[in-house]
Amino acid sequence: MKNYVASADTVKDSACKTATRKSQWLDLSAMGLALFFIVFGELIWLPDPLRVGHHVYWIELFDELIYIGLLPLILWSTAAVRNINRELKCWKTTKKLAAASITLVFMRAVGLISSFIVMYCILFAQQQYLWMVVCLACAWITSLISIHLSEWSHKHRVPFRSLTFLGFTIVLLYFLLWPTNYVVTYPGLTMNMNEYAQVDKGNSSDQIAGVLIFERPAFRIDRLYAKFFTVYEFAKKAVNQPSLHEQLQEVRTQQIDANQVASAVAFAKVGLGQGAISHGAMVNSVVKDFPAAKQLKAGDVIIQANGDSISTTIDLINHIKQIKPGNELKLVIKRNGAELKVAIQTQADAKEPKNSVIGVQVSDEVELDLPLKVKFKPYLLHVGGPSHGAMLTLALIDQLTTGGITNGNIVAGTGTINSLGQVGQIGGIRQKAYTVERSAADVFFVPYDQYEEARRGAKLLNIVPVKTIDDILKWLKEHPKP
């Protein structure tokens, strides 16, 4: 009888171990998929030339493919449920619940909740990047700890296999995801502006593309990518750089502002409304510990610089360009309806020491006339920023012009837009030119002063430097595609 009981306990213990191994395989499969998706995400720009028909771009396809990212989370959740269920059943049959088993159940519960949060974000709140990253890391870590605890609790010895795997995973994630003191800029994606924005009473089948690039904290693996793709550029991270949350908030605000200004300018070009009237450069944010931090604050409107009138952000940028680093900048600002005079000592730009900076993010302070409604399509990979402004203006003019304005050309371009219809400079122009050269674009419009830099990224691309939206319209009219 004793032998029978011992044999039955052995069978039950064996069943517990078998179930544990199955959970571990689910964990390992989930980690393998997650590692694949991480590398795929870091190289997401590579498939950009892919098109479905003429109008569905890779950036739109990715918004559908993102749901495949649920797979490792489902595997982790399944492993967690199986593990918790098995530990409870084993406890009922063996009447043993060691500290390791209690910890294992707790870890699995935390991992399960984290996986559910990430799945919710993917399905319903895709802009919650920080929540997704934190909870994904939590699900991964609890899964690693669970594998370790499972081996420890069932073998009752030092789990060398799981420790080896844990060490290998930590090293791999260190190279893939641990941020360095550098920021990397690399190629991005083209975006069909006639799909991104659609105006009431407008229609178009022309291809007008904006272009996005990626700029983020550099990981060690990026140095390897740079060996294969020379357009990767690294810059030392600014000492007083805003937090990631603050940066996301800033670029989203810039995106919304650019959408509104571009719409008003486009409407005015086709005879609808008064357009956008700028009254100065509004301070959106001030960088901590920079010269402007003690003098300016968000909401201030700069209307004069060293005696010169400032109507737009371009006016301010051009004026600061003329000042040597270390020289004083005298401003007249509007704050809460009152005019104030402030003096700010400029300093050298960390990236370009010959240029002066004061440490502010600005946008045009404008009155907008928007007689028609424009619907904007959100893209997961279009986080924000104003550099699509010029091409958005062009696309809306195209939609409101009978027969369109491209003359058969496949158009791409980049540059901000202000209330006067001027095309302003943007960052990452070399990477943007490289991205467009990989597409089927017939012409790439760039801000006038950035032609040489754009040419460095695309030797064969037809690059046209422009100063205003009228320059673009004129070129398209004079260059019909045969």
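Our structure's up above, just so we're on the same page.
Keep in mind that this is a model prediction, so the values were computed, not measured. (Residues numbered from 1 in each chain as written. Predicted model: local features only at pLDDT ≥ 70, side-chain atom pairs only at ≥ 80, totals over all residues. Heavy atoms only, no water.)

1. Brief notes about the nonpolar core
Heads up, the rule is: Here, the term nonpolar core denotes a set of buried Ala, Val, Leu, Ile, Met, Phe, Trp, Tyr and Cys residues that are joined through side-chain atoms within 4.5 Å. Think of it in three bands: residues with accessible area under 20% of the maximum for their type are buried, residues over 50% are exposed, and the middle band is partly exposed, with areas taken using a 1.4 Å probe on protein chains only. Residue contacts are defined here by distance: any two heavy atoms, one from each residue, within 4.5 Å place the two residues in contact.
Judged by nonpolar contacts, the single largest core of 93 residues is most densely connected at Trp140, Met391, Leu394, Phe444 and Phe445. When residues no more than four places from it in sequence are discounted, the contact partners of Phe444 are Val211, Ala412, Gly413, Thr414, Lys432, Ala433, Val436, Leu461, Asn462, Ile463 and Val464. Judged by nonpolar contacts, the second largest core, of 17 residues, contains Val283, Ala305, Ile323 and Leu329.

2. A look at the sheet that holds strand 6 (residues 233-236)
Put simply, the rule is: A pair of strands counts as paired when DSSP detects no fewer than two bridges linking them. Note on conventions: DSSP H or I runs of at least 4 residues are helices, E runs of at least 2 residues are strands, and numbering of each starts at the N terminus. Whenever a helix is involved, its axis is fitted only over the stretch in contact; in every case the axis is a line through C-alpha atoms, and angles between N-to-C directions fall within 0 to 180 degrees.
Taken together, the six strands give an open sheet; going across it, the order is 6-3-5-16-19-20, and neighbouring strands pair in mixed fashion. Every other strand in the sheet has two partners, leaving strand 6 and strand 20 (463-466) as the edge strands with one partner each. Strand-to-strand twist in this sheet, taken as the mean axis angle between neighbours without regard to direction, amounts to 30 degrees. Pairing analysis gives four bridges linking strand 3 (residues 179-192) to strand 6, with the strands arranged antiparallel. The residue of strand 6 that forms the bridge with Tyr182 is Lys236. Packing of helix 11 (residues 389-399) onto the sheet brings it into contact with strand 5 (208-219), strand 16 (411-413) and strand 19 (443-447), and relative to strand 5 it is tilted by some 155 degrees.

3. Regarding the pairing of strand 10 (residues 328-335)
Taken together, the four bridges between strand 8 (residues 301-305) and strand 10 define a ladder with antiparallel strand orientation. When the bridges of strand 10 are listed, Val301 appears paired with Lys334. Direction of pairing for strand 10 relative to strand 11 (residues 338-345): antiparallel, over a ladder of eight bridges. Following the sheet pairing, Leu331 is matched in strand 11 by Val342. Between strand 10 and strand 11, which pair antiparallel in sequence order, lie two residues; one of them, Asn336, sits at a positive phi of approximately 55 degrees.

4. Structural notes on the packing of helix 9 (residues 244-269) against helix 11
Put simply, the rule reads: To sort the angles, those under 35 degrees are grouped as roughly parallel, those over 145 as roughly antiparallel, those from 65 to 115 as roughly perpendicular, and the leftovers as oblique. By convention, the crossing between two helices is left-handed when the near helix turns anticlockwise from the far helix through less than a right angle, and right-handed when the turn is clockwise. Each residue is assigned to one class: nonpolar for Ala, Val, Leu, Ile, Met, Phe, Trp, Tyr, Cys and Pro, charged for Asp, Glu, Lys and Arg, and polar for all the others, Gly among them.
Viewed as axis vectors pointing N to C, helix 9 and helix 11 meet at an angle of 40 degrees, and their least axial separation amounts to 8 Å. Here helix 11 runs oblique to helix 9, going by the angle between their axes. Handedness of the helix 9/helix 11 crossing: right-handed. Judged by residue contacts, Ala258, Asn259, Ala262, Ser263, Val265, Ala266 and Lys269 of helix 9 engage Gly389, Leu392, Thr393, Leu396 and Ile397 from helix 11. Of the residues in the contact of helix 9 with helix 11, the class split is seven nonpolar, four polar and one charged.

5. Quick word on the packing of helix 11 against helix 14 (residues 469-478)
The N-to-C vectors of helix 11 and helix 14 enclose an angle of 55 degrees; their axes lie 10 Å apart at closest approach. Considered as vectors, helix 11 and helix 14 are oriented oblique to each other. The two elements helix 11 and helix 14 meet at a crossing, and its hand is right-handed. Residues Ala390, Met391, Thr393, Leu394 and Ile397 of helix 11 touch helix 14, and the partners they reach there are Ile469, Ile472, Leu473 and Leu476. Of the residues belonging to the contact of helix 11 with helix 14, the class tally is eight nonpolar, one polar and no charged.

6. Some remarks on the packing of aromatic side chains
Formally: Ring pairs are drawn from Phe, Tyr and Trp, using the six-membered ring of Trp, whenever the two centres fall within 6.5 Å, and their geometry is named by plane angle: stacked under 30 degrees, edge-to-face over 60, tilted for the rest. Working rule: Lys NZ or Arg CZ, within 6 Å of ring centre, within 35 degrees of ring normal, means a charge sits over the ring.
Following the criterion strictly, the structure yields 16 aromatic pairs and no others. One aromatic cluster is present, built from ring pairs that chain together Trp45, Tyr186, Phe214, Tyr225, Phe229, Tyr232 and Tyr434. Of note, Arg223 hangs over the ring of Tyr182, and the distance from its end group to the ring centre comes to 5.1 Å. Here Arg223 stacks its cationic end above the ring of Phe234, 3.8 Å away from the centre of that ring.

7. Considering a nonpolar patch on the surface
Under the convention used in this document: Any residue with relative accessible area above 30% and no salt bridge may belong to a patch, with like charges joined within 9 Å and the nonpolar Val, Leu, Ile, Met, Phe, Trp and Tyr side chains within 5 Å. Accessible surface area values rest on a Shrake-Rupley calculation with a 1.4 Å probe, where residue burial reflects the displayed protein chains alone. A pairing counts as a salt bridge when a side-chain nitrogen of Lys or Arg comes within 4 Å of a carboxyl oxygen of Asp or Glu.
A cluster of nonpolar side chains, namely Tyr67, Tyr120, Leu123 and Phe124, defines an oily patch on the protein surface of about 440 Å² accessible area. Inspection of the secondary structure puts Tyr120 in helix 4 (residues 99-124).

8. A few points about the pattern of salt bridges
When their charged atoms lie close together, side chains carrying opposite charge are able to pair. The full count for this structure, using the stated rule, is eight salt bridges. Of the charged contacts in the structure, one is a salt bridge between Asp470 and Lys269, with a shortest N-O distance of 3.0 Å. Of this pair, Asp470 sits in helix 14 while Lys269 sits in helix 9; the two residues are 201 residues apart in sequence, bridging distant segments of the chain. For Asp470, a relative accessible area of 40% corresponds to the partly exposed category. For Lys269, a relative accessible area of 37% corresponds to the partly exposed category. For Asp300, the salt bridge identified is with Arg335, shortest N-O distance 2.7 Å.

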